Amino acid sequence: MPASPLEYTIGGVKIQFPRKAYPSQLAMMNSIIRGLNTGQHCLLESPTGSGKSLALLCSTLGWQQAQYVKLQEGRNPVGEKGWTDKGFGDCKKLDGTNSSCQCVCHSRANVSASATAADTPAVVDLTVSPCKESTLPPPAAAAGQRPSSEGTQAKKPSLASRLSQKLQVFRKAAPGEDDDFQPDRKRLRTPEQKSCKRQRLEQGVIFIDDDQEPENVSPGPLSWTKSQKAGMASPCCAAGPCTQCSCASKDGAKDQNSNRRVPKIFFGTRTHKQITQVAHELRRTIYSKVPMTILSSRDHTCVNPEVAPHSKRNELCKERLEAKDGRSCRYYHGVQKMGEQYLLQQVHGVSEAWDIEDLVSLGKRLRSCSYFAARELMAEAVIIFCPYNYLLDPLIRESMDINLSGQILVLDEAHNIEDCARESASFTVNYDSLLASRDELESMVRNKIREAKHEPLQNFCYSLINWIQESQSLMSERGYESASKVWSGRDIVGIFHTLGITDATFNMLKANLAAVLEKEERLGFVNGKEDMVQIPTISSATSAVLKGLFMVLDYLFRDQCRFAEDYRVALQKSYAWTNQVPPDAPDAQGYFVRPRQRQRQSIRVKAEMLSLSFWCLNPAVAFSDLSNSLKSIVLTSGTLSPMGSFSSELGVKFSIQLEANHVINKSQVWVGTVGAGPHGRKLCATFQHAETYTFQDEVGALLLHVCQVMAKGVLCFLPSYKMLDKLRDRWSNTGLWEKLEQQKTVITEPRGGGKGDFDELLQTYYEAIKGCQERDGALLIAVCRGKVSEGLDFTDDNARAVVTIGIPFPNIKDLQVELKMKYNDQHAKSRGLLSGHRWYEIQAYRALNQALGRCIRHRNDWGALILVDDRYKNNPNKYITGLSKWVRQLVQHHDTFSNAMQSLGAFSREQQKVALIPADARTSSSTCSLSTQSRVCNCGGPGGRTLFHSVTCENTCTPAGCSTLCVQHRPSHAG
């Protein structure tokens, strides 16, 4: 973080920015502040590399801080210690008494505050000691407490107070004691907590790892104070209200309650990798010490060495939480070691913005569960980071205890938000999984385990299975070894009524599911001794099946089937190769002899796959849970264009919209379309042409030329994995693949694989570019909509050129795509939706724009964008208008491949020269903004062919004073 950030006042809000903001950043912050001040929703496009994440963080956190200031200004009398533009001043109370508190914790903190007064920075101080009456709210642990008085029922202990009690036990342990050797203990709920949880059961389903959460009490955007960092935690900020000062007064309680009006910020991104990048941006700002947390999956945060290496971490974790086989998770029992903000900052030294890796490292060191610690930290956090499907998916929101009512929702990289919203309201169940769920429920009923609750759920599964079996005869062939039958949502509601599944019976089914998931113990006998025995519950797999089905049924039955028309239900049959162990066969005498385990080998067999899909075709269904309860929604991305579909698709009015310009000069990027290859053959990547060897060979030759012209890293994006496989096979047979490998290290994006494998692949790519010993960098061949195209940062030499082959239209033969297009055509006029064909095109251009955005990641970066397809030049009005604004303005069409390569080579050589000039000198007025862009020379060349130049003007000039002659024919001039 810089020592002296700049302050901008926008819409009456003071925003601290780490450096001079770009015009695009100022435009974004202005739009965000307007939206937050008026409670309107924002749709903002800012090109990748223009600093939009920094603008998002500073504007939202600055606005949030201003709201705390406004609350305090309304009740802080003049003369009392309060927030001012100059920081926190020492002053007297109205009654003339000293404002310092007499309690033990505050008197100690006063000493610390006075000792560090000389260290107060010139910029606005975001840290304030709670030792004196502050104009900013105290930490949430204090804000969550209400003083008990006579005649008033005491408030139930909050999460913070419960963790504080556990912390006291932890601190009493010997300093060198290793709790790994302590017996595992269950986290038992008190009767009061169990009663609270039973009330929550009426509202829906909970998970085993749910715990009581406090109400949304918003703390101020503060870091923990210097006195707390010294190890002097204030009792009034942890276990309960202080009884020796005004923090226990009724007025103080009112002040704390008023803080609930200040919303939290939920910051969603597409991937966990992007969360890490945003956290690093937050660390650069003056807001880096705000209480925060990052919600993520167990795949990224599990630290138990017996669970983390396995692929089924969720199932294993829940088994440990249930203490099956007498084994529990010692890391879960240690969550209190880092489950509060002041512990994280004052005890463990994590005082600035952290990322997932930081929390995992701390969890391993403390033997504490970082997954559950992150969830506990949410209670006191003012900004919560997570993948945005956590915020859209109702099942994940419920399991994570995420309450978005009245909060601010920021969704970065939101170009895929429509797809994500549809997916979050959809569910697909395999027929085999449904059978397994039925069998498990039948076992529960047979063993008389909560028989009255399990039996209705069992009957529900039987009804669904019988209907699926009867409906198979209605399926029609769609292609090779595939068949399907589709019903509308209205039809399904009617069919379910005949099965006895109505709105009334569905509510009873939900209550039964919630009841069977609740953990209970009853008196029983263990080894002949009387003891408390836990009642068995259904597996996590069965629970997931029922929860998913109930989620879509809830949408279908909601508000008198308001969303039924937005659903299509598809029964699909296909075949897939699977590995199966053959059954035992009798020998000649008719005996079954089971072979040894090592001799039993699986064989590959073709198995029938049957699935039932509930597809939501309207993303507004999932957004309906959010748009009416949130204070404001901010959607941003570098590739939102075209922006017209978002309001109609999401059902949200975006009153504030912005398409910001890029921060780079036009000379720093080369954008060109190429419609023919080195041999003059036309390149049109439609399905018919892409299957021919002529097209495949020409694309390979083009890519080889680009790798020879452009040094370091080159990215190539293809429309599909199918094309990637075909090109790789063809180039391997023709020898072209070997030529590419002689020029650069060639890496292809894997279709699947784990996170570790993908990270290793990227590291190989980066090291090949950094080394550049035997070969000139690396070529990464990837797929649009794949992992490489989404959110990865290829800065500087890591992506000097991005080549896109064709236009990545979705598979039009896909059943879901086909149904979505028909749905849009059906409701285009009544709901203002785009036509099905227009929607189909937009999906392609958003994927294309996202791939192009991997290049140009900051103001001084440079690179080339090469769009390979003949359609761009032949029909620019149709195929260019879908590109992002900044790309659209720079695109040039090249008649021949040789002209394109000459221009590209000149651009590359010029940029390598410019790279030797210090960054400060590049933007001086002595550089001609036009002459650094490749342009046609009017003088012509040998044989009438045009020459290209890219020369920096040595003298100051205006655009009108620049000659368009090449360097040999350009006269000297002065601006």
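Residues numbered from 1 in each chain as written. Predicted model: local features only at pLDDT ≥ 70, side-chain atom pairs only at ≥ 80, totals over all residues. Heavy atoms only, no water.

As annotated in an unreviewed UniProt entry, the protein carries the name DNA 5'-3' helicase and comes from Takifugu bimaculatus. What UniProt states about the protein under its Catalytic activity (unreviewed entry) heading is, verbatim, "ATP + H2O = ADP + phosphate + H(+)". Here is the UniProt Cofactor (unreviewed entry) comment for the protein, exactly as written: "[4Fe-4S] cluster". (UniProt positions renumbered as here; feature names shortened; annotations may be inferred.)

Q: So what's going on with the nonpolar core? Which residues, and what values?
A: Counting residues in hydrophobic clusters, the biggest one holds 149 residues, and the most contacted among them are Ile 383, Phe 385, Ile 417, Phe 460, Leu 549 and Leu 635. For this core, the leading source of residues is helix α23 (residues 540-561), giving 11 residues. Setting aside residues no more than four positions away along its own chain, Leu 635 makes contact with Cys 42, Leu 43, Leu 44, Leu 411, Ala 414, Ile 417, Leu 640, Phe 646, Leu 650 and Phe 654. Tyr 765, Phe 794, Leu 848 and Trp 886 belong to the second largest nonpolar core, which has 42 residues in total. (Core = buried A, V, L, I, M, F, W, Y, C linked by side-chain atoms within 4.5 Å. Buried < 20%, exposed > 50% of the residue type's maximum accessible area, 1.4 Å probe, protein only. Helix = DSSP H or I, 4+ residues; strand = E, 2+ residues; numbered from the N terminus. Contact = heavy atoms within 4.5 Å.)

Q: Could you give an account of the pattern of salt bridges, naming the residues involved and the relevant values?
A: What the rule picks out here adds up to 27 salt bridges. The salt bridge involving Glu 565 is made with Arg 568; its shortest N-O contact spans 3.6 Å. Across the salt bridge formed by Asp 566 and Arg 831, the nearest N and O atoms sit 2.6 Å from each other. With Asp 566 in the loop between α23 and β15 (567-580) and Arg 831 in helix α31 (residues 815-831), the pair connects residues that are 265 residues apart, well separated along the chain. When its relative accessible area of 2% is taken as the criterion, Asp 566 is described as buried. Connected through shared salt-bridge partners, Arg 397, Lys 510, Asp 554, Arg 558 and Asp 625 make up one network. (Salt bridge = Lys/Arg side-chain N within 4 Å of Asp/Glu carboxyl O.)

Q: Tell me about the packing of aromatic side chains, and name the residues and values.
A: Summed over all chains, the structure comprises 17 aromatic pairs. Geometrically, the ring pair formed by Tyr 8 and Phe 17 is edge-to-face, given 6.3 Å between the ring centres and 80° between the ring planes. Taking the ring centre of Tyr 22 as reference, the NZ or CZ of Arg 19 above it sits at 4.5 Å. Here Lys 787 stacks its cationic end above the ring of Phe 758, 5.3 Å away from the centre of that ring. (Phe/Tyr/Trp six-rings, centres within 6.5 Å; stacked < 30°, edge-to-face > 60°. Lys NZ or Arg CZ within 6 Å of the ring centre and 35° of its normal.)

Q: Describe the environment of Asp 439, and please don't skip the residues or the numbers.
A: By secondary structure assignment, the location of Asp 439 is in helix α19 (residues 431-446). Considering only alpha carbons, one finds Asp 439 and Tyr 462, 23 residues apart in sequence, at a separation of 9.7 Å. One polar contact links Asp 439 to Arg 438, side chain to side chain, over a distance of 3.0 Å. (Polar contact = N/O pair within 3.5 Å; in protein donor to acceptor, adjacent residues only side chain to side chain.)

Q: Tell me about the sheet that holds strand β7 (residues 292-294), residues and numbers included.
A: Reading across from one edge, β7-β8-β6-β9-β17-β3-β18 is the order of the seven strands in this open sheet, with parallel pairing throughout. Looking at strand neighbours, the two that pair on one side only are β7 and β18 (656-659), the edges of this open sheet. Within the sheet, the average angular offset between the axes of one strand and its neighbour, ignoring direction, is 15°. Alignment of strand β6 (residues 265-269) against strand β9 (residues 408-411), held across four bridges, turns out to be parallel. Opposite Ile 265, over in β9, you have Ile 408 as the bridge partner. Its contacts with the sheet put helix α2 (residues 52-73) on β6, β8 (383-387), β9 and β17 (632-637), and the angle it makes with β6 is roughly 165°. (Pairing = 2+ DSSP bridges. Axes fitted to C-alpha atoms, helices over the stretch in contact; angles between N-to-C directions.)

Q: Describe the side chain of Ser 789, naming the residues involved and giving the relevant values.
A: On the secondary structure map, Ser 789 appears in the loop between β22 (778-783) and β23 (801-805). For Ser 789, a relative accessible area of 1% translates into the label buried. Reaching out from Ser 789, the side chain makes a polar contact with the backbone oxygen of Gly 786 at a distance of 3.1 Å.

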